[in-house]
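Notes for the structure review
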Amino acid sequence: MPASSPAPPRTPASASGMAKLCFALALVAAVATYVAAQVDFWRRHVPGIAPETYLWPQFLQVWLPGLALAGGLTLAGVALHRQQQRIVALSSQAPTD
């Protein structure tokens, strides 16, 4: 049975595509968090109840996880983008014979 060939090295184009995907997913996560918070507010809000009773749980259960996901995806996108910049810089400095 033939051995499977190793995966090809990541090229700058694929790293750039992954960075763009991370940034797009971060934007989707932020918008989805806002929509989820609005729906949660609409479901929890009852006239006569102090806002503190539903705002703190909403922060902990909706805003914090959603924005943490968006922030993590943004950081991953920045890391991939910087990696791509380093690959391009190193490849342009390589000696040509």
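Please refer to the structure placed before this passage.
First, a word on what this report is: a plain description of the structure on this page. (Residues numbered from 1 in each chain as written. Predicted model: local features only at pLDDT ≥ 70, side-chain atom pairs only at ≥ 80, totals over all residues. Heavy atoms only, no water.)

Points about helix H2 (residues 52–93)
- Helix length check: H2 (42 residues) gives 58 Å between terminal C-alpha atoms against 62 Å at 1.5 Å per residue, within 8%.
- Its axis deflected by about 40° at Phe59, H2 carries its strongest bend there.
- Within the span of H2, buried status applies to Tyr54, Gln58, Val62, Gly66, Ala70, Leu73, Gly77, Leu80 and Gln84. (Helix = DSSP H or I, 4+ residues; strand = E, 2+ residues; numbered from the N terminus. Expected span 1.5 Å × (residues − 1). Bend = angle between axes of the 7 residues up to and from the residue. Buried < 20%, exposed > 50% of the residue type's maximum accessible area, 1.4 Å probe, protein only.)

As for the pattern of salt bridges
- Per the counting criterion, the structure on display carries one salt bridge.
- Of the charged contacts in the structure, one is a salt bridge between Arg44 and Asp40, with a shortest N-O distance of 2.9 Å. A residue pair is termed a helical-turn pair when its members lie 3 or 4 positions apart in one helix, as Arg44 and Asp40 do in helix H1 (residues 12–44) at four residues.
- You can call Asp40 buried: its relative accessible area is 12%. (Salt bridge = Lys/Arg side-chain N within 4 Å of Asp/Glu carboxyl O.)

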